[in-house]
Amino acid sequence: MLQGLEASALASAIRQSTWLYPFLEIVHILGIVLLVGGAFLFDLRLLGLSRKLPVPELARHVLPWSRRGLYLIIPSGILLFSTNAVALAADSVFHIKMIGLVVGGINAGIFHRYIFAAAPEWQHGNTPRPAKAVALCSIVVWVLVIACGRLLAY
């Protein structure tokens, strides 16, 4: 299956194009900036920085940008993967990256399903420990995912 993906006309066109692969990399990086930039700002607030900003207000402003980043990351990542699918699927760094993505998604899901509902009650910047733990996990996971992504490029 991976060999078929890698041999597809689209993957071949991306590999052979002078500009298409770099364009996809740029789109992927812009998506990372949107996703992780918004997430980091939010996570840093949960960890106690910028306490004057209410958590729900900050979430309304930055988290939609993080979601939009996913709209760039997912398709560009799949297309980039398709150009070298067999080798990437065998690479342990790729596996670590994928595990990191799953952990990051689960972490965000736990926060939004179980912790964030109480955010309007967090007075004077006091964020509960579970929210801080999720924020710290988020920062560590996204740094790991980005590092693995960069290692795969070399």
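The structure we're discussing is the one just above.
Heads up: these notes are all about the structure in this document. Within each chain, residue numbers correspond to sequence positions counted from 1 in written order. Whole-chain, interface and lining totals are the exception, using all residues; otherwise, since this is a predicted model, local features are given only for residues with pLDDT of at least 70 and side-chain atom pairs are given and counted only at 80 or more. By convention in this description, side-chain values take in all heavy atoms of the structure and omit both hydrogens and water.

1. Structural notes on the overall build of the protein
Stated formally: Numbered from the N terminus, helices here are DSSP runs of H or I no shorter than four residues, and strands are runs of E no shorter than two. Using a 1.4 Å probe on the protein chains alone, a residue whose accessible area is under 20% of its type maximum counts as buried, one over 50% counts as exposed, and one in between counts as partly exposed. Accessible areas in this description were obtained via Shrake-Rupley with a 1.4 Å probe; residue shielding takes into account the shown protein chains only. Counted as positive: Lys and Arg. Counted as negative: Asp and Glu. His and the chain ends are not counted at all. Think of each charge as sitting on NZ of Lys, CZ of Arg, CG of Asp or CD of Glu.
Within the protein, the secondary structure is distributed over seven helices and zero strands. Reading the protein from its N end, one meets helices and strands in the order α-α-α-α-α-α-α. Dimensions of the protein, computed from the C-alpha atoms along their principal axes, are close to 55 × 25 × 25 Å. In the protein, which comprises 154 residues, the proportion classed as buried is 35%. Roughly 9,400 Å² of accessible area belongs to the protein as shown, and the carbon and sulfur atoms make up 71% of that amount. Taken as two groups, the 12 positive and 6 negative side-chain charges of the protein have centres that lie 9 Å from each other.

2. Some points on the environment of Ala 39
The residue Ala 39 is located in helix H3 (residues 20–46) in this model. When the C-alpha positions of Ala 39 and Ile 139 are compared, they lie 8.0 Å apart, and in sequence the two are 100 residues distant.

3. Digging into the side chain of Thr 83
Where we set the bar: It only takes one pair of heavy atoms within 4.5 Å for two residues to be counted as in contact.
With respect to the helices and strands, the residue Thr 83 is situated in the loop between helix H4 (55–82) and helix H5 (85–90). When sequence neighbours within four positions are dropped, the list of residues in contact with Thr 83 reads Glu 6, Ala 11, Ile 14, Arg 15 and Tyr 21.

4. Observations regarding the environment of Val 134
Mapped onto the fold, Val 134 is located in helix H7 (residues 129–152). Looking at Val 134, the relative accessible area reads 11%, which means it is buried. Ignoring sequence-local partners within four residues, the contact set of Val 134 consists of Asn 107, Phe 111 and Ile 115.

5. Some details on the environment of Glu 6
Within the element layout of this structure, Glu 6 appears in helix H1 (residues 2–7). C-alpha of Glu 6 to C-alpha of Leu 80: the two residues are 74 residues apart in sequence and 10 Å apart in space. Aside from chain neighbours lying at most four places away, what touches Glu 6 is Ala 11, Ser 12, Arg 15, Ser 82, Thr 83, Asn 84, Ala 85, Val 86 and Ala 87.

6. Some points on the layout of surface pockets
Our working definition: The distinction between a cavity and a pocket rests on a 1 Å grid over the protein atoms alone: a 1.4 Å probe fits inside a cavity but cannot get out, while a pocket stays open yet meets protein on both sides within 12 Å along at least five of seven lines, and a residue with an atom within 4 Å of a point counts as lining. Grid points are joined across faces, edges and corners, and a volume is the space filled by probe spheres set on the points. Residue polarity follows a fixed list, in which Ala, Val, Leu, Ile, Met, Phe, Trp, Tyr, Cys and Pro are nonpolar, Asp, Glu, Lys and Arg are charged, and the others, Gly among them, are polar.
Each pocket or cavity is described by its volume, and for the largest pocket that value is around 1,300 Å³. Together, 46 residues line the largest pocket, and His 28, Ile 73, Leu 101, Trp 142 and Val 145 are the ones closest to its centre. Ranked by residues supplied to the lining of the largest pocket, first place goes to H3 with twelve residues. Taken together, the residues of the lining of the largest pocket sort by class into 29 nonpolar, twelve polar and five charged.

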